[in-house]
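# Structure at a glance
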Amino acid sequence: MAEGRGAARSPRGRPRGGGTGPGAAVGRGPRRPGRLRAAPPGLGRPLQAERPLQAERLAARRGSEAGGRRTTARSGGCHRPPAPRTVALSGVRRSSTGRPRTAFPHPRVAPGGTERGRNQVRERRRDGARLGGGPLCHVSVINTVDTSHEDMIHDAQMDYYGTRLATCSSDRSVKIFDVRNGGQILIADLRGHEGPVWQVAWAHPMYGNILASCSYDRKVIIWKEENGTWEKTYEYTGHDSSVNSVCWAPHDYGLILACGSSDGAISLLSYTGDGQWEVKKISNAHTIGCNAVSWAPAVVPGSLIEQPSGQKPNYIKRFASGGCDNLVKIWKEEDGQWKEEQKLEAHSDWVRDVAWAPSIGLPTSTIASCSQDGRVFIWTCDDASGNSWSPKLLHKFNDVVWHVSWSITANILAVSGGDNKVTLWKESVDGLWACISDVNKGQGGVSAVTEGQQNEQ
């Protein structure tokens with residue numbers, strides 16, 4: 001999640017060269033867009049804004065020479081770092097879509113960049129927090145999982161029940177561990193990708209044990225466990241460039257997977273039964289590339305107080321995406337076709353991640369976005385039709401912000417970035433956002449945040 005400065009950007013659009021982003025050594029450098037890279041032999045036409053695999057190898061060696069590698073991934077954490085081979089997990093949370101959550105709500109590797117260390121996953125627990133000055137939040141390491149990946153870890157996610165951990169790496173593999181009772185048992189070592197695997201995502205358990213993975217090799221692979229054995233159940237090769245993000249829709253909509261790619265398109269894969277998948281593609285969704293996708297909860301805004309009893313809710317499928325055109329876009333399904341509903345403009349550089357907040361049916365819809373420009377915005381919409389979104393600046397960080405992730409109750413936001421820290425933010429009753437925890441991922445320590453310190457950040 002951290003990243004450095006360099007001339008070119010990774011498939012996710014991350015700058016390369018001396019950084020802590022995937023495949024980069026810890027350091028700092030320019031954040032401006034770089035030149036386009038040609039695809040490695042065998043990968044077809046030139047990939048947009050992508051990094052050669054050898055850059056990752058070089059970064060991995062640098063990390064190793066710097067003194068061991070360690071990835072601090074978290075249960076519900078934020079963003080996939082330039083991860084080494086260990087993953088730190090924090091108390092498990094589940095999203096409204098049934099997706100397990102690492103460190104905080106999002107089941108990805110810890111935000112902000114991983115420690116350079118062994119290929120392990122460390123589990124952390126977050127204890128109660130409060131607003132105001134003085135110590136606000138405490139996070140402690142409760143478990144470390146040695147993944148034995150041969151290269152950097154880019155993502156780590158817990159399943160719905162918090163008993164299994166999936167990791168993916170530049171070694172082109174996906175691994176699944178049983179982490180119950182503080183143990184670690186390797187259940188599966190999945191091989192099918194031909195390039196670094198950027199992200200994994202668990203489907204809701206009502207559909208069985210299903211895991212999706214996306215890679216630099218332009219593929220999306222859906223894995224399923226049958227009779228205790230994990231096998232590839234579907235492979236999608238419809239993108240022309242690196243696939244950077246995958247996200248399952250709320251289980252209420254069926255088994256639907258959104259995929260964002262560096263070719264600028266977003267694909268939606270829907271399971272129709274009998275092993276068949278229907279594909280819909282939004283071409284040129286984002287100029288240069290799409291970096292992140294996040295589904296809206298399957299809840300009608302305002303339904304908690306307005307929905308008549310016994311009336312079936314009118315669900316409208318929506319999801320948000322962020323891309324290299326500095327935009328956050330909201331997409332809506334109408335008559336079976338996906339259309340752009342809103343274009344949210346506030347960032348001045350590439351949008352790295354978007355996260356649609358869980359909801360119980362209150363009138364307000366909320367989206368968090370973070371960017372290469374170092375800013376995190378909270379977008380809110382009080383209009384049931386979803387036509388009027390207003391941004392509020394959460395904070396301006398001094399480095400790129402890689403990932404944002406909501407708690408299951410949507411009252412706390414985890415933020416990770418190039419400063420190699422994970423910060424937790426909470427909104428007060430007067431609508432102001434305050435930092436309640438400042439976690440240095442490199443040492444796994446937590447510093448108490450006072451109001452004065454927050455203003456200095």
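The structure displayed is predicted, hence computed values, not measured ones. (Residues numbered from 1 in each chain as written. Predicted model: local features only at pLDDT ≥ 70, side-chain atom pairs only at ≥ 80, totals over all residues. Heavy atoms only, no water.)

Right, let's get into the overall build of the protein chain. Of regular secondary structure, the protein chain possesses three helices and 30 strands. A total of 457 residues make up the protein chain; the buried ones form 61% of that total. In the protein chain, once contacts between residues fewer than 6 apart in sequence are set aside, the share between residues at least 24 apart is 58%. In the form shown here, the protein chain has an accessible surface area of approximately 16500 Å², with 45% of it arising from carbon and sulfur atoms. (Helix = DSSP H or I, 4+ residues; strand = E, 2+ residues; numbered from the N terminus. Buried < 20%, exposed > 50% of the residue type's maximum accessible area, 1.4 Å probe, protein only. Contact = heavy atoms within 4.5 Å. Areas by Shrake-Rupley, 256 points an atom, 1.4 Å probe, with all protein chains shown as cover.)

Now for the sheet that holds strand β20 (residues 327–334). Pairing is antiparallel in the open sheet, where four strands are placed in the order β18-β19-β20-β21. Each of the sheet's edge strands pairs with one partner strand only, and the pair in question is β18 (290–295) and β21 (337–345). Neighbour-to-neighbour, the strand axes of this sheet turn through a mean angle of 25°, independent of strand direction. (Pairing = 2+ DSSP bridges. Axes fitted to C-alpha atoms, helices over the stretch in contact; angles between N-to-C directions.)

Turning next to unusual backbone geometry. Even without being glycine, D335 reaches a positive phi, approximately 50°. Its place among the elements puts D335 in the loop between β20 and β21. A relative accessible area of 78% places D335 in the exposed class.

An order of β6-β7-β8-β9 is seen for the four strands of this open sheet, with the pairing classed as antiparallel. Every interior strand has two partners, whereas the edge strands, β6 (153–158) and β9 (185–191), have only one. Taking each pair of neighbouring strands and ignoring which way they run, the sheet shows an average axis angle of 20°. Both strand β8 (residues 173–178) and β9 contribute to a ladder of six bridges, which runs antiparallel. By the bridge assignment for β9, F177 is matched with L186.

The next subject is the nonpolar core. Grouped together as the largest cluster of nonpolar side chains are 19 residues, with contacts concentrated most on V220, I222, W248, L257 and L269. Contributions of two or more residues to this core are made by β10 (197–202), β11 (210–215), β12 (220–226), β13 (229–236), β14 (243–248) and β15 (256–261). Filtering out sequence-adjacent residues up to four positions away, V220 remains in contact with S213, C214, Y234, E235, Y236, V243, V246, L257, C259 and L269. (Core = buried A, V, L, I, M, F, W, Y, C linked by side-chain atoms within 4.5 Å.)

With that settled, consider the packing of aromatic side chains. Scanning the entire structure with this criterion turns up 14 aromatic pairs. Ring plane angle 90° and centroid distance 6.4 Å describe the contact between W198 and Y216, whose orientation is recorded as edge-to-face. With a gap of 18 residues between them, W198 in strand β10 and Y216 in the loop between β11 and β12 connect regions that are remote in the sequence. Considering the side-chain rings of W356 and W389, the 5.7 Å spacing of their centres and the 90° angle between planes classify their relative orientation as edge-to-face. (Phe/Tyr/Trp six-rings, centres within 6.5 Å; stacked < 30°, edge-to-face > 60°.)

Structurally, E231 is set in strand β13. Distance from E231 to L190, taken between C-alpha atoms, is 7.9 Å for residues 41 residues apart in sequence.

Next up on the list: the environment of V200. Positionally, V200 belongs in strand β10. Residues V200 and A156, 44 residues apart in the sequence, show an inter-C-alpha distance of 7.2 Å. The contact partners of V200, leaving out residues within four places of it in the chain, are D155, Q157, A166, C168, V174, L211, A212, S213 and V246.

Another point: the pairing of β18. Taken across its six residues, β18 has six buried, putting it largely inside the fold. Bridge analysis of β18 against strand β19 (residues 318–323) gives five bridges, and the strand direction is antiparallel. By the bridge assignment for β19, A292 is matched with G322.

Attention now moves to the pairing of β8. Among the six residues that make up β8, six are buried, leaving the element largely enclosed by the rest of the structure. Of the two faces of β8, both are covered, the one formed by S173, K175 and F177 as well as the one formed by V174, I176 and D178. Looking at chain direction, strand β7 (residues 164–169) and β8 are connected through five bridges and run antiparallel. By the bridge assignment, L165 is partnered in β8 with F177. Where β7 hands over to β8, the hairpin turn is made up of three residues, of which R172 adopts a positive phi near 75°.

Right, let's get into the side chain of H154. One can find H154 in strand β6. In terms of polar contacts, H154 uses its side chain to reach the side chain of S170, at 2.7 Å. (Polar contact = N/O pair within 3.5 Å; in protein donor to acceptor, adjacent residues only side chain to side chain.)

To continue, consider the state of the cysteines. What the rule picks out here adds up to zero disulfides. Cysteine C259 shares no disulfide, and the gap to the nearest cysteine sulfur, in C214, comes to 7.5 Å. With a relative accessible area of 0%, C259 lands in the buried category. (Disulfide = S-S within 2.5 Å.)

A residue-level look at the protein chain finds 61% of positions with pLDDT of 70 or above and a mean pLDDT of 74. Confidence drops under pLDDT 50 across residues 13–84; counting only partners more than four residues distant or on other chains, this segment forms 352 contacts. When the criterion is pLDDT under 50, residues 91–118 qualifies, and its contacts beyond four places in sequence or with other chains add up to 204 contacts. (pLDDT = per-residue confidence, 0-100.)

Moving on, we get to the pattern of salt bridges. Throughout the structure, instances matching the rule amount to 15 salt bridges. Between D178 and R180 there is a salt bridge, and its shortest N-O distance comes to 2.6 Å. Take D178: its relative accessible area is 12%, and that puts it in the buried class. R318 serves as the salt-bridge partner of E341, at 2.8 Å between the closest nitrogen and oxygen. A residue pair is termed long-range when its members are at least 10 positions apart, and E341 in strand β21 and R318 in strand β19 qualify at 23 residues. With respect to burial, E341 and R318 carry one shared label: buried. Through salt bridges with shared partners, one network takes in R318, K332, E334, K339 and E341. (Salt bridge = Lys/Arg side-chain N within 4 Å of Asp/Glu carboxyl O.)

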